[in-house]
Structures are given as C-alpha cells and as structure tokens.
Amino acid sequence: MLVELSVKQKFLTLSGITAVAMAASLAIGQRLIPQTLLTGLLFYLISGDRPSTVYASVRSLPRDLRTAVIFLKLNLSLYRYERAGATVVQIFESVVARHPQKAAFLMDNRQLTFGEVKQLVDRVAAHFYAKGFRKGDTIALLMETRLEYPCIWLGLSKIGIVTALINSNLRKETLRHSIAVANSKAIIVSTELAGAIAEIYEQDGIKGLPVYRFRSADDEDGTTNSDPLPDAEDLRLSVDGDGGSSGSSVDLSAIPNDISPKDKLVYIYTSGTTGMPKAAVITNLRYTFMALGCYYMLSFRDDDIIYNSLPLYHSAGGMIGVGSVVLCGLTAALRKKFSASNFWTDCIRHKCTVAQYIGEICRFVLMTPPKATDTQHSVRLMFGNGLRPQIWPQFVSRFNIAQIGEFYGSTEGNSNLLNIDNTMGAVGFVPNFAKAIYPVTLIRCDEETGEVIRGRNGFCIKCKAGEPGVFVGKINPKKALNSFVGYADKAASEKKVLHDVFRTGDIYFNSGDILVQDLLGNYYFKDRTGDTFRWRGENVATSEVEGVITTIVGLKDCAVYGVDIPEIEGKAGMAAVVDPEGKVDMEQLAAGIRASLPPYARPLFIRVLSEVPMTTTFKLKKRDLQVDGYDLDKVKDPIYYLQSNGTYRLLTPEDHESIRTGKARL
C-alpha cells in the first residue's frame, strides 16, 4: 500500500503537475512563466502530506477518468429507468422484444430462449393472480438451481408478489423460520425438496399455507403413495406448459400495472452464520442497480456467456449473475451444484467468456490436478468476491485469466466496491472525485469488538491511508446508490445503522467489516468485526492467518478463530485444518508459521479434522468450532499445542487441565 513518497515519486509527481500545467497553458494560448513553476515548487515543498495526495491523484488519473465515464453511463441508465417507472420485469420484457430467440439460460442439455422465459413468466403471473394473490403478498420459493427458477420469481413479480428466495439446504427450524419471518402466504417447492416442507408443515407459521409443487420436464411424472405432500398443487400442470417451451399466450389484461421501481422484488437471506438467517429486502431499483453496476463497470459484452455455478437464492448468483441476463440480455450457463473438477469443462462446453466465483471456489479449482482444459477455455473475465490475495497470482497464471473483477459488498448494504483494474488483492476503489456522489469511508473502531470509536466531540473519526477501520456508507433514501432498505425484521435493520456519524442527524450503514485503504483509493479487506481478536496486546486478523496456513498446507481448508484462556486477557489463536488423509506435516507447518507470522499471530492450538463446516456460498463457518475450542471432552480430533521453541505437539489432558486452571505459562 502506498503511504510515503520516495524521492523518485516526488519527482514524478512534480513532473506530472508541470506537464498538466503546460498542457493547460497551451490549451488556452498562454505561456508558462518562471514564477508559476516556482510557486508550484514552493507549494509542493511546504504542503506537508498534500504531495502524497497529489501524486496519488496523478497516478490514478487514467483509472479515475475511465471510471467517471462508466459511472456516468450507469447513473444515466438508472435515472432513465427510475424516471420511466420501469420495474425489473418491464426491463426484461424490453430485452425480450429485442431478441426473443436468443438463449437466455443454458443448463446441461436444455436451454430457454428469452421468448420462452417470457411465456413461463406470463403463465406464472396469470395463475397466481387468478388464485387471489395480490401486490405485497409474499410467496416462499424453495428450489434447487434449474432453468425455471428465475422464471418463477419474475412471474410473481409481475403482479407485485415478493418472492422469498429460500436457501435450498435449510431444514427444520431454520427452514421454518426463514419462511415465517417473511410472512409468506404460500410455498412453491420443487419435487426433490418436498420432503423438507413436509417435515415442518404442521408447525407455527407454516401450517395451512397452500403449497405448490413445481416439476420440470426432467422430473418424473405423477406422484406415488409415499408422496410427502399429496395435497400440493402441481404447478407445472397448472401453468399449462413444460417449462415455457410451448403453448399459447395468456390473457394478462386483468393484472393492474401499479408496481414501482421502489417496490419490493425479492427477499434474499443472509447466511445465518451467527444466528438465524435474516431476510434482506431487495427492491426493483436495488436489483437493477446491482445488475447494471457489474454490466457497466466490468465492461460486459452483449454476446458474453456467463458461467454461473452459484446458488440462485444468493445475491451473487441470483442478482448479479441472473440480473445480467434479465436486464442486459446476456446468456448464463447454470449448474445445479458447483464442481471444481468440471469448472473448466463446463466453461468450454457452453463457450463461456465470463465466469463467477464466490468464497473459496477459486481455491477449490486451483487444488484440482493440472489438465489441458486449464487454458483451453475462452473465459477472459472472472468476477466475484473471496479470492484470497495469497492465491490470486497463482490462479490467474495457471488458468490464463486476463481480468479479475473482485468486488465487495453485502446483500442488504449500500456500500459496494468493485475492482476493475486488476489491482491484485484489492476489493475495489473509490476515486476522490466520487466521494460526494458515493459517500463511503472507513472509521476507527475496536477491531476485536467492532465498537465504533468516537472523538471528544461525539462524532466518528475517519481513518487515514493504511489505517484499518470499519467500512460505512452514508444512507440517502432518495438515491438508489445510497439507499438502505434493510431486512424484513425492522429491529434487525436498525442494528446496522449508525446515527450522528460526522454531524448531527446523519445516518450510515455499518458493514461490520474491517478494511484498509491506500492513497490511490484502493480498498483491501482485512477481516470481519468479531473475527479479529486481540492477543498479547496486538490485533490478529483471522483472514490473514488463514491465508498463510492455507498456503503452507497446500490450499487445504483452514479456519482461524480466537479462544478464551482462563486468567489471560484477550483470546488465543486456534486454527482448524482439514486433513482427512493425514498428510499435513506438523513440523513443516510449524516452520512455515514461524517464518511467516509474528509471535502474537501464531495459533496456540491447531485442530486437525476431516472437514470444516461451510456455508452454501463457500464461506467457512467458525461458530461451532469456536464453541468447541480446545476442550478435549468435546473434541475428538487431534489438537496440537504450540511450544516455546515454535514447534507443535499433541495437547494432552494434563496440558488442558493446566491451561484450564490458569497454571500454564503461555
């Protein structure tokens, strides 16, 4: 990160200023006079840290000018759609009118054209309107990835129904909660997940809800005596089609056209790693902003085919991936479930030019044995979030990827960033000129607790370049860029809002994430508040330790977290490493940790286990591991204990008792 200026950098900065001054003078027909240069030089020498800012501005000028043009295009499109009152489904219909025969979605050996998607959308809308559902109602959708998935929620949105996109892996109480918290009036479930609904159907919030089962052309026809939901209506037969590929058009004249861009479109749920999932509200306008933002900022092409192996109930796969098809007319190749070994094979098969990733997907792909298909694909751009800086260069080199579009943001938040210039490790940037239009910043906080630090005047303190802080974005309900609608649960929404941040009455969205910014405006993810812990007077970022250990052990799964030690302030580091085949060399691991991490960041405990709990969006879940800690009564996996000489040995019951009673010397 750029913090100080060398002599060479100062010279280049002064040269840049002089060049700009000369160009400006020539443009207006003036001659430079020595006094002007002298004044500029004196200003440069006495202006404190201003030369750093000037140098950064000159250095980032090409990137910022390009961004300004793209940003203008994006805002003009958003303004035009908002002024016209265009909803997602209306924009989609304009796309269909341009190329009805173009493939919209590909999956396995099937496809749906834009015209076929519209047919199914219209049938779904007409059917549920006839059933009495109206604008503002919510219907839960529990379905694995299939071609018809986007068609169903698009059809419901046409009559103003909000679709709750339920994680298809949820079961029992978590599933019941997710359906009930959105105040769902009905459930649509695919055949393979009918049993999950049957398990909770008699419970509060679910009992009595009408259930519609969707079967596609690939599902078996009819039902059996063991059908878990015998009374569920067959939605495929009801909408009179086989996935939208045949049948006449339907009469939609009775459906009122009273939906606005600010109306709710879908609920997308948080992962629930620290509690029950929360239903984030996605309006038509926010969906449009997210999809168009990536389309413009990453310079998608109209003939691009996007490989989307992500779950469609998630914001990355369902908003950005599907949104690029629905709103921009691109084609998406879907896969039911991510497969590292089939990643490039699928891209080659579908002639993909763009591919999505999230969480640990890139690491999983990098762990596959080298094959000829590694570089036989046509993918020029991969975009997503979660590509670790430690494997970034290896990934792009091995698979010959010209551009990585790493982005940062949360489903519900108003603070999103995007890396469009291949700056390795960065999650995005904000040019200085855009601060007024896109007011995001970093403020000081306690990295361990996430508690915001305020000055004597009661207001928050902005971080300087190189100083970690919590990422926040100013909330302005009148602008799509800065609005924050929150969750279905208003109390949960309020917890994400900071009041009186820089002046009385202002409000900001609190991301809960700790980032660092350099002088060029690039942001780098450091950790999530709560994941950072304090040990021996130093803050330890778990993501940094995870990156080091993952590299040492050959890209195996690793989770790092803090655990309590009796009688000692702070939390000690503990790492859980997946090693089902017993191949991790503890001596080599210890040597690598000593060479790469300062003493305070070295894990005191290392747990070796067969698998790590992971969310369906490929992010490591640490909560259960943290609860287990190093308690040998709970943990049957081997746990290794750091010695004073930097090596690790097995933790014994005697060691555990010594630590528990506060007698151990740590």
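In the block above lies the structure referred to throughout.
Residues numbered from 1 in each chain as written. Predicted model: local features only at pLDDT ≥ 70, side-chain atom pairs only at ≥ 80, totals over all residues. Heavy atoms only, no water.

Caption draft 1: Region of interest: the nonpolar core. Counting residues in each nonpolar core, the largest one holds 93 residues, and the members touching the most others are Phe-105, Phe-128, Trp-153, Ile-188, Tyr-287, Phe-300 and Tyr-523. Counting residues per element, this core draws most heavily on helix 6 (residues 114-130), which supplies nine residues. (Core = buried A, V, L, I, M, F, W, Y, C linked by side-chain atoms within 4.5 Å. Buried < 20%, exposed > 50% of the residue type's maximum accessible area, 1.4 Å probe, protein only. Helix = DSSP H or I, 4+ residues; strand = E, 2+ residues; numbered from the N terminus.)

Caption draft 2: Focus on the environment of Trp-344. Within the element layout of this structure, Trp-344 appears in helix 13 (residues 343-349). The spatial distance from the C-alpha of Trp-344 to the C-alpha of Phe-399 is 9.2 Å, given a sequence separation of 55 residues. Beyond its immediate stretch of four places on either side in the chain, Trp-344 contacts Val-365, Thr-373, Asp-374, His-377, Val-379, Met-382, Phe-395, Phe-399 and Ile-401. (Contact = heavy atoms within 4.5 Å.)

Caption draft 3: Structural context of the pattern of salt bridges. Under the defined criterion, the tally for this structure stands at 27 salt bridges. Between Glu-93 and Lys-158 there is a salt bridge whose closest N-O contact spans 2.5 Å. Linking Glu-93 in helix 5 (residues 88-98) with Lys-158 in the loop between helix 7 (149-157) and strand 4 (162-166), this pair joins segments that are 65 residues apart in sequence. Overall, the relative accessible area of 23% leaves Glu-93 in the partly exposed class. A single salt-bridge network, built from bridges that share partners, covers Glu-360, Arg-363, Arg-388, Glu-546 and Asp-557. (Salt bridge = Lys/Arg side-chain N within 4 Å of Asp/Glu carboxyl O.)

Caption draft 4: The packing of aromatic side chains, seen in detail. Within the structure shown, the criterion is met by 20 aromatic pairs. Look at Tyr-408 and Phe-471: their rings are 5.4 Å apart centre to centre, the planes differ by 80°, and that puts the pair in the edge-to-face class. In this pair, Tyr-408 is assigned in strand 14 (residues 403-408) and Phe-471 in strand 18 (residues 469-474), connecting sequence segments 63 residues apart. The same class applies to Tyr-408 and to Phe-471, which are both buried. One aromatic cluster is present, formed by Tyr-307, Phe-338, Phe-343, Trp-344, Phe-364, Phe-395 and Phe-399 through successive ring pairs. (Phe/Tyr/Trp six-rings, centres within 6.5 Å; stacked < 30°, edge-to-face > 60°.)

Caption draft 5: Molecular detail of the pairing of strand 4. The buried count for strand 4 comes to five of five residues, which makes it a mostly enclosed element. Every second residue of strand 4 is oriented toward a common face, with Val-162, Ala-164 and Ile-166 on one face and Thr-163 and Leu-165 on the other, all of them buried. With helix 7 bridging strand 3 (residues 138-142) and the parallel strand 4, this β-α-β connection has right-handed handedness. Of the pairings in the sheet, the one linking strand 4 to strand 8 (residues 264-269) comprises three bridges and is parallel in character. Looking across to strand 8, one finds that Ala-164 is bridged to Tyr-267. (Right-handed = clockwise from strand over helix to strand, strands pointing away. Pairing = 2+ DSSP bridges.)

Caption draft 6: Region of the structure containing the side chain of Thr-411. For Thr-411, the location among the structural elements is in the loop between strand 14 and strand 15 (417-418). The exposure class of Thr-411 is buried, given its relative accessible area of 11%. A polar atom in the side chain of Thr-411 sits 3.0 Å from the side chain of Ser-315. Apart from residues lying up to four places away in sequence, Thr-411 is in contact with Ile-268, Ala-280, Ile-282, Arg-286 and Ser-315. (Polar contact = N/O pair within 3.5 Å; in protein donor to acceptor, adjacent residues only side chain to side chain.)

Caption draft 7: Main features of the packing of helix 11 (residues 284-297) against helix 12 (residues 315-326). In contact at an axis separation of 8 Å, helix 11 and helix 12 are set at 70° when each is read in the N-to-C sense. Here helix 12 runs roughly perpendicular to helix 11, going by the angle between their axes. Of the residues in helix 12, those touching helix 11 at Arg-286, Tyr-287, Met-290, Ala-291 and Cys-294 are Gly-318, Met-319, Ile-320, Val-322, Gly-323 and Ser-324. Considering only residue class, the contact of helix 11 with helix 12 consists of seven nonpolar, three polar and one charged. (Axes fitted to C-alpha atoms, helices over the stretch in contact; angles between N-to-C directions. Parallel < 35°, antiparallel > 145°, perpendicular 65-115°, else oblique. Nonpolar A, V, L, I, M, F, W, Y, C, P; charged D, E, K, R; others polar.)

Caption draft 8: Structural view of empty space enclosed by the protein. Scanning the entire structure with this criterion turns up three cavities of 30 Å³ or more. Estimates place the volume of the largest cavity at around 380 Å³. Every residue lining the largest cavity is counted, 21 residues in all, and those nearest its centre are Met-297, Asn-416, Leu-417, Leu-418 and Tyr-438. Elements represented by at least two residues in the lining of the largest cavity include exactly helix 4 (61-84), helix 11, strand 14 and strand 15. (1 Å grid on protein atoms, 1.4 Å probe; cavity = no way out; pocket = protein on both sides within 12 Å on 5 of 7 lines; lining within 4 Å. Points joined across faces, edges and corners; volume = space filled by probe spheres on them.)

This is a description of form; function is not addressed.
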